[in-house]
Amino acid sequence: MNKVNHFYFSIANLYFKIHLRASTFMHRKIMLPEDEMPDKWYNIQADIPVPPPLNPATREPMDARDMEPIFPKELLRQEMSTQRWIEIPEEVREIYSIWRPTPLYRAVNLEKFLKTPAKIYYKWEGVSPPGSHKPNTSVAQAYYNAKEGVERLTTETGAGQWGSALAFACHFFGLDCTVYMVKCSYEQKPYRRILMQTWGAEVIPSPSDRTDFGKKVREKDPDTPGSLGIAISEAIEDAVRHDDTKYSLGSVLNHVLLHQTIIGLEMKKQFEMIGEEPDIICGCVGGGSNFSGGFFPFVPDKLKGKDIEFIAAEPKACPSLTKGVYTYDFGDTAKQTPLLKMYTLGHSFVPPAIHAGGLRYHGDAPALCKLVNDGLVRSVAYHQTGVFEAARIFAQTEGFVVAPESAHAVKAAIEEALKCKEKGEEKVICFVNSGHGHFDLSAYDAFNRGELKDYEYPDELIRKAIEELDT
Ligand SMILES: *Cc1c(COP(=O)(O)O)cnc(C)c1O
């Protein structure tokens, strides 16, 4: 062999070796290069029309101008937009790059533990500074508000996940942030309050004496533990009363789901990188934003005939998708919001105090509900002990201690992987892992001690809450 030929032979040999190694390599953590972070969000309304919110007085579709005291114009534009791709502003991408792109993991040890032929992947959103997917939208919302001259944002928070995501975002754009935190959580769960205050937010236990609504509630019942419904009413009242102030919501609305599609768009690129495609995508549903953000970018493929399944997981204690009715209902208890077309348990529904606080909402995002109603998404409901069992298995195999909300997605993925084992199917399952559980350790403690109780909301009470809907 002459020198030149030998040279080419060696190169070919080297190429072959590298290629062979690459193709047999087990990808455990699929990292997207920073400059491959998506620069546009995907708007589902280009492919699936979402029923509009209605004005409760007239039952006509809401006029965007009626909502301008509460939300900035650009977010209202996005709320109604049917444009397929919406540019992510450079300033937002810059903040995203603190923790994005997020890793896509293959749950190798969990697969081994389950002895399943399925491949299990998860998109890990717990790496953001507040520890969940929520800053994907809080950063965008803070940016558009600041750009339109707003000086302060108000919001409500239960356990503190949304409040801390908004507090984190506001600081970057010089906005003040006022968080109305449900009083019992304010007293019992100090850590997220401290996090919010560290990021510069003002945190007020709700009901407060800052608003007329709060004062009224306190007069009637001075010892009330508060509720998310009351806190929403206070945050909205505060925003409406002050010209320099607007209100911010962390789930349910179209523009929130839009911002979360960065999850699924990154996932898509990561699967392309390793030459795989998911057969099943699952996620947990509170208002529907992290799950929708994960699977919406795959909906066009399904509409074109691709065989891909989407599974929404919720608690049996608050089963809006599996037991609710698909109708127009208020988004809050005080009946202040526009009417939203959704699967609802009734706005008067008070869910029991399960540990996945972020999943205790009586309705769900109208965009997600439309897809469920169209038969594009299947929904399942689980008891919390089964969910924590899944979370413990996950912690012991994959290492991460996930949020009780995210544990519903883990449970769904495990159930599907076990079905694959039964049928001998090698499906690719992917779930959105929405956040870490470092501030939820008391729930893990209760589970570890065997003190966690299951609660299934009685059908009778659900029927009663739904009957009250049109009266
Ligand atoms: C808030 C929250 C949820 C539920 O909200 P969605 O809008 O349904 O995503 C789920 N997981 C975590 C970690 C959360 O903080």
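Each remark here, short or long, concerns the structure printed above.
This write-up is about the structure you can find in this document. Since the structure is predicted, the reported quantities are computational estimates derived from the model, not experimental observations.

Rules of the game
Residues numbered from 1 in each chain as written. Predicted model: local features only at pLDDT ≥ 70, side-chain atom pairs only at ≥ 80, totals over all residues. Heavy atoms only, no water. Helix = DSSP H or I, 4+ residues; strand = E, 2+ residues; numbered from the N terminus. Rg over C-alpha atoms; globule rule 2.2 N^0.38 Å. Buried < 20%, exposed > 50% of the residue type's maximum accessible area, 1.4 Å probe, protein only. Contact = heavy atoms within 4.5 Å. Areas by Shrake-Rupley, 256 points an atom, 1.4 Å probe, with all protein chains shown as cover. 1 Å grid on protein atoms, 1.4 Å probe; cavity = no way out; pocket = protein on both sides within 12 Å on 5 of 7 lines; lining within 4 Å. Points joined across faces, edges and corners; volume = space filled by probe spheres on them. Nonpolar A, V, L, I, M, F, W, Y, C, P; charged D, E, K, R; others polar. Domains from an automatic or database assignment. Salt bridge = Lys/Arg side-chain N within 4 Å of Asp/Glu carboxyl O. Polar contact = N/O pair within 3.5 Å; in protein donor to acceptor, adjacent residues only side chain to side chain. Pairing = 2+ DSSP bridges. Right-handed = clockwise from strand over helix to strand, strands pointing away. Near = heavy atom within 4 Å. Expected span 1.5 Å × (residues − 1). Core = buried A, V, L, I, M, F, W, Y, C linked by side-chain atoms within 4.5 Å. Patch = residues over 30% accessible without salt bridge, like charges linked within 9 Å, V, L, I, M, F, W, Y side chains within 5 Å. Lys, Arg positive; Asp, Glu negative; His and termini not counted. Charge placed at Lys NZ, Arg CZ, Asp CG, Glu CD.

### Comments concerning the overall build of the chain
Working step 1: Counting secondary structure elements, the chain contains 20 helices and 15 strands.
Working step 2: The C-alpha radius of gyration computed for the chain amounts to 23 Å, which stays within 12% of the reference 23 Å derived for 471 residues, consistent with globular compactness.
Working step 3: Out of the 471 residues in the chain, the part that is buried amounts to 58%.
Working step 4: Residue pairs in contact within the chain that sit at least 24 positions apart in sequence constitute 76% of those at least 6 positions apart.
Working step 5: Total accessible area on the chain stands at roughly 20,500 Å², and carbon and sulfur atoms take up 52% of it.

### Observations concerning the layout of surface pockets
Working step 1: Estimated volume of the second largest pocket: approximately 210 Å³.
Working step 2: What lines the second largest pocket is a set of 13 residues, among which Y42, W85, L265, K268 and P297 lie closest to the centre.
Working step 3: Put simply, the parts of the chain that give the lining of the second largest pocket at least two residues each are β2 (40-42), α12 (262-273) and α14 (299-303).
Working step 4: Among the elements that line the lining of the second largest pocket, the one with the most residues is α12, at 4 residues.
Working step 5: Split by residue class, the lining of the second largest pocket holds 6 nonpolar, no polar and 7 charged.
Working step 6: Counting only domains with at least three residues in the lining of the second largest pocket, you end up with domain 1 (41-88 + 134-251) and domain 2 (99-131 + 255-467).

### Description of the pattern of salt bridges
Working step 1: What the rule picks out here adds up to 27 salt bridges.
Working step 2: The closest approach of N and O atoms between R65 and D63, which form a salt bridge, is 2.9 Å.
Working step 3: The exposed category is assigned to R65, whose relative accessible area is 59%.
Working step 4: Put simply, K411 and E415 hold a salt bridge, and the shortest N to O gap is 3.0 Å. Residue K411 and its partner E415 are both found in helix α18 (residues 404-423); the two are separated by 4 residues, about one turn of the helix.
Working step 5: Ionic contacts of the salt-bridge type, sharing partners, join the residues R100, K123, E125 and E266 into one network.

### Topic: the side chain of T211
Working step 1: With respect to the helices and strands, T211 occurs in the loop between β8 (202-206) and α9 (212-220).
Working step 2: In this structure the side chain of T211 is engaged in a polar contact, spanning 2.6 Å, whose partner is the side chain of E234.
Working step 3: Contacts of T211, omitting those with residues within four sequence positions, involve Y180, E234, E237 and D238.

### A few points about the pairing of strand β7 (residues 176-182)
Working step 1: Burial analysis of β7 places 6 of its 7 residues in the buried class, the great majority of the element.
Working step 2: Here 6 bridges tie strand β6 (residues 152-157) to β7, and the two strands are oriented parallel to one another. Note on β7: the bridge partner recorded for T157 is M181.
Working step 3: Handedness of the crossover joining β6 and β7 through helix α6 (residues 161-172) is recorded here as right-handed.
Working step 4: Bridge analysis of β7 against β8 gives 5 bridges, and the strand direction is parallel. From the neighbouring strand, V182 faces β8, where its bridge partner is S206.

### Observations concerning the site of the ligand
Working step 1: Looking at the ligand, there are 19 residues lining it, with K134, S251, G286, S289 and N290 nearest.
Working step 2: S251 places a polar side-chain atom, nitrogen or oxygen, 2.5 Å from an oxygen atom of the ligand.
Working step 3: Here G288 contributes a backbone N or O atom positioned 2.8 Å from an oxygen atom of the ligand.
Working step 4: Elements supplying a minimum of two residues to the shell around the ligand: α13 (289-295) and α18.
Working step 5: Counting contributing residues per domain, the shell around the ligand is built from domain 1 (41-88 + 134-251) and domain 2 (99-131 + 255-467), each supplying no fewer than three.

### Structural notes on helix α5 (residues 135-147)
Working step 1: Look at α5: 18 Å from first C-alpha to last across 13 residues, which is about the 18 Å you get at 1.5 Å a residue.
Working step 2: Of the residues flanking the end of α5, it is G149, one or two places downstream, whose phi is positive at about 85°.

### A short note on the nonpolar core
Working step 1: In terms of nonpolar packing, the biggest core is built from 57 residues, with Y247, F295, F296, F310, L368, L371 and V377 touching the most fellow members.
Working step 2: For this core, the domains that each give at least three residues are domain 1 (41-88 + 134-251) and domain 2 (99-131 + 255-467).
Working step 3: Among residues more than four places away in sequence, those in contact with F295 are I281, F310, L368, L371 and V377.
Working step 4: Listed in part, the 41 residues of the second largest apolar core include Y122, V380, A407 and I414.

### So, a negative patch on the surface
Working step 1: Among the surface-exposed residues, E151, D176, D243 and D244 lie close enough to one another that they form a single negatively charged patch.
Working step 2: A relative accessible area of 82% places D243 in the exposed class.

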